[in-house]
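Here is how the chains run, residue by residue.
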Amino acid sequence: MDAPTTTSGNGDRSGGDGRDAGWFGRSPKATTPAPAPAGPGQHPPDARRTPSRPVTPVRPVGNGAARNRTAPTTPQAPAAPAQARPAAPAGPAGPNPSGLGGPSGPGRPAGPDASGLGGPSGPGRPAGPDASGLGGPSGPGRPAGPDASGPRGHSGPAGPAPEDTSDGALLRRTMAEIEPIADKVTSHFYALLFLRHPDLRALFPAAMDTQRDRLFKALLTAATHVEDTAVLTAYLTNLGRGHRKYGTLPEHYPAVGECLIGALSTYAPQTWGPRTEAAWVGAYTVISQIMIDAAAKDELRAPAWWQAEVVAHEMRTPDIAVVTLRPDAPYPFLAGQYASVETPWWPRVWRNYSFASAPRSDGLLSFHVKAVPAGWVSGALVHRARPGDVIRLGGPAGSMTVDHTTDNGLLCLGGGTGIAPIKALVEDVARHGRRRSVQVFYGARRDHDLYDIDTMLRMQQSHSWLSVRPVVDDGPDDNLCGRLPDAMYEYGPWHTYDAYLSGPPGMIRQGVDTLLGIGIPTHRIRHDSIEELVGARN
């Protein structure tokens, strides 16, 4: 998901007149060599002190046949010679550095109907500037001039809606075309990257299956929200900070961008062309600059990772452990956030886990980890880690935190080990000393999977404003039964509450739908990124 950049932080273009510039970066003729890429856990001598950004210009791109490829021509219906309108020549396609139009609204899906595409373009339908047929295509015998609509005041039959040719629409069409073959596209991308730049292989884990999935999800998220500045910036800022722990440097972005465009142009023949290529170059310019600037800013205030020693390891069930760590330096975070974790047994494989408590005075950190089948990190933390072992932590992330500027109640849904951040939120409310209603629904498949119910019930006894209700799919009569989101219907109303969800991705999706259905607005529903949660299960 690394991306090239050509614009400096203040928006100025720099790096010479472009004659020595290759695609997304300097060519070998550049006078200043880029530093060698650092391996995991290593930085060049000045990399941890002085943020750097690539500042070279972008030129139109492509490789081989893809560079000369144009959008396929569309057969045109015959029109009367005297009435046919000549097609306007297409102007040169150049990158659009911003590509930021009107917002689509956070949390709103940007599928084919949301983007205003009027349906995806099919084979033989060009995706270039002239493919929109603005004003509707001219049919046989129908004049294409200003009077094509008929006499004033007597409109004729409405023609097809104009096709959206904005940069965002072009990106979404590309993603829609490659979605059915996403695994092939990402595999081809990594093959190109490691063949052309073998030195970058050391930055990636040995097994690339999860990495392939994450790349496509990140691309889809960025392409979907490219016209929504706020959502895109928040997403990429977090991604840029997170890439620091991999050893990613600004000079790595050009290689990744070139190979990504090469893969897209190979596997999206129906939508690819000069105009689409220019849209991707422009969008990637924006994407990469946001990520690089975020990493540079984060470098001034925090290390790329922390070393943390395991000081306690408690098995709660045969496959769930509470792991407590002591970081080697102060670790600032907020209740409800999460951290990425790497074990010494699987280098360069990182997974996200939520903090199970609010910040503690002794500086210790706790995580609830469930070992899942074929889960490299989770299996190692549950069945292999012991006191004295040292793991690595990435920086804190996540926005599922308490808003202490309001008196709204908290409606909390925690499924399985998702009760960990919910417990942290309850502790956070208690520390602030405000009597806000907190309603917790703690869900599990079976009664014995409620591994932390005793802790939650003790907290309920200590705080009159806290209510804890266990919910099991199939359990005894003294517990609520059924799916966790459905259990909320028996209580409420919830229109004055802020909602927090943590648990399996399916539970979160269903929970969000349920909460919207009972009248809680989107901006008052907080949960971890579903894309991140999918990776965390491993």
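None of the values given here were measured: they were computed from a predicted structure.

A. The arrangement of the overall build of the chain in detail. Within the chain one finds 13 helices and 14 strands. Counting across all 538 residues of the chain, residues that qualify as buried make up 49%. In the chain, the proportion of contacts linking residues at least 24 apart, taken out of those at least 6 apart, comes to 79%. Per element, the accessible surface of the chain, about 25000 Å² overall, is 54% carbon and sulfur.

B. Just the sheet that holds strand S3 (residues 306-317), in detail. Spatial strand order, S6-S5-S8-S3-S4-S7: six strands in an open sheet with antiparallel pairing. The open sheet is flanked by strand S6 (350-354) and strand S7 (365-370), the only strands paired with a single partner. Direction aside, the axes of adjacent strands within the sheet are offset by 40° on average. Of the pairings in the sheet, the one linking strand S5 (residues 338-342) to S6 comprises five bridges and is antiparallel in character.

C. Structural detail: the pattern of salt bridges. Scanning all chains against the criterion turns up 13 salt bridges. Linking aspartate 298 and arginine 244 is a salt bridge whose minimum nitrogen-to-oxygen distance equals 2.7 Å. With aspartate 298 in helix H7 (residues 274-299) and arginine 244 in the loop between helix H5 (229-242) and helix H6 (253-267), this residue pair connects regions lying 54 residues apart in the sequence. Like aspartate 298, the residue arginine 244 is buried in the burial classification. Here glutamate 342 makes a salt bridge to arginine 392, at a shortest N to O gap of 2.6 Å.

D. Looking closely at the confidence of the model for the chain. For the chain, per-residue confidence averages 75 on the pLDDT scale, and residues scoring 70 or more make up 67% of the total. This model gives residues 1-154 a pLDDT under 50, and the stretch forms 264 contacts once residues within four places in sequence are excluded. Note on residues 531-538: pLDDT under 50 across the span, and 29 contacts to partners over four residues away in sequence or across chains.

E. Unusual backbone geometry, seen in detail. Phi at arginine 348 is positive, roughly 70°, even though this residue is not glycine. Residue class for arginine 348 comes out partly exposed when judged on its relative accessible area of 25%. Within the chain, alanine 374 stands out as a residue other than glycine whose phi angle is a positive 60°. As for its placement among the helices and strands, alanine 374 is situated in the loop between S7 and helix H8 (376-383).

F. Structural view of the nonpolar core. Formed by 31 residues in total, the largest nonpolar core has its most connected members in Phe189, Tyr190, Leu193 and Trp280. Counting residues per element, the ones that place at least two in this core are helix H2 (167-178), helix H3 (182-196), helix H4 (209-224), H6 and H7. Among the elements that take part in this core, H6 stands out by supplying seven residues, more than any other. In this structure, Met400, Ile453, Met456 and Val468 belong to the second largest nonpolar core, which totals 24 residues.

G. Main features of the packing of H5 against H7. Interhelical geometry of H5 versus H7 gives an angle of 55° and a closest axis separation of 7 Å. When the axis of H5 is compared with that of H7, the two are oblique. Seen from above, H5 lies across H7 with right-handed handedness. Contacts between H5 and H7 involve Leu232, Thr233, Leu236, Thr237, Leu239, Gly240 and Arg241 from the former and Val286, Ile287, Ile290, Met291, Ala294, Ala295 and Asp298 from the latter. Here the contact of H5 with H7 is built from residues that sort into nine nonpolar, three polar and two charged.

H. Seen up close, empty space enclosed by the protein. Considering all chains together, one arrives at two cavities of 30 Å³ or more under this definition. The space that makes up the largest cavity amounts to roughly 40 Å³. Every residue along the wall of the largest cavity is listed here: Val323, Leu325, Val341, Tyr353, Phe367, Val369, Leu381 and Ile391. Listing elements by their share of the lining of the largest cavity, those giving two or more residues are strand S4 (320-327) and S7. In terms of residue class, the lining of the largest cavity is built from eight nonpolar, no polar and no charged.

Calculation notes
Residues numbered from 1 in each chain as written. Predicted model: local features only at pLDDT ≥ 70, side-chain atom pairs only at ≥ 80, totals over all residues. Heavy atoms only, no water. Helix = DSSP H or I, 4+ residues; strand = E, 2+ residues; numbered from the N terminus. Buried < 20%, exposed > 50% of the residue type's maximum accessible area, 1.4 Å probe, protein only. Contact = heavy atoms within 4.5 Å. Areas by Shrake-Rupley, 256 points an atom, 1.4 Å probe, with all protein chains shown as cover. Pairing = 2+ DSSP bridges. Axes fitted to C-alpha atoms, helices over the stretch in contact; angles between N-to-C directions. Salt bridge = Lys/Arg side-chain N within 4 Å of Asp/Glu carboxyl O. pLDDT = per-residue confidence, 0-100. Core = buried A, V, L, I, M, F, W, Y, C linked by side-chain atoms within 4.5 Å. Parallel < 35°, antiparallel > 145°, perpendicular 65-115°, else oblique. Left-handed = near helix turned anticlockwise from the far one by under 90°. Nonpolar A, V, L, I, M, F, W, Y, C, P; charged D, E, K, R; others polar. 1 Å grid on protein atoms, 1.4 Å probe; cavity = no way out; pocket = protein on both sides within 12 Å on 5 of 7 lines; lining within 4 Å. Points joined across faces, edges and corners; volume = space filled by probe spheres on them.

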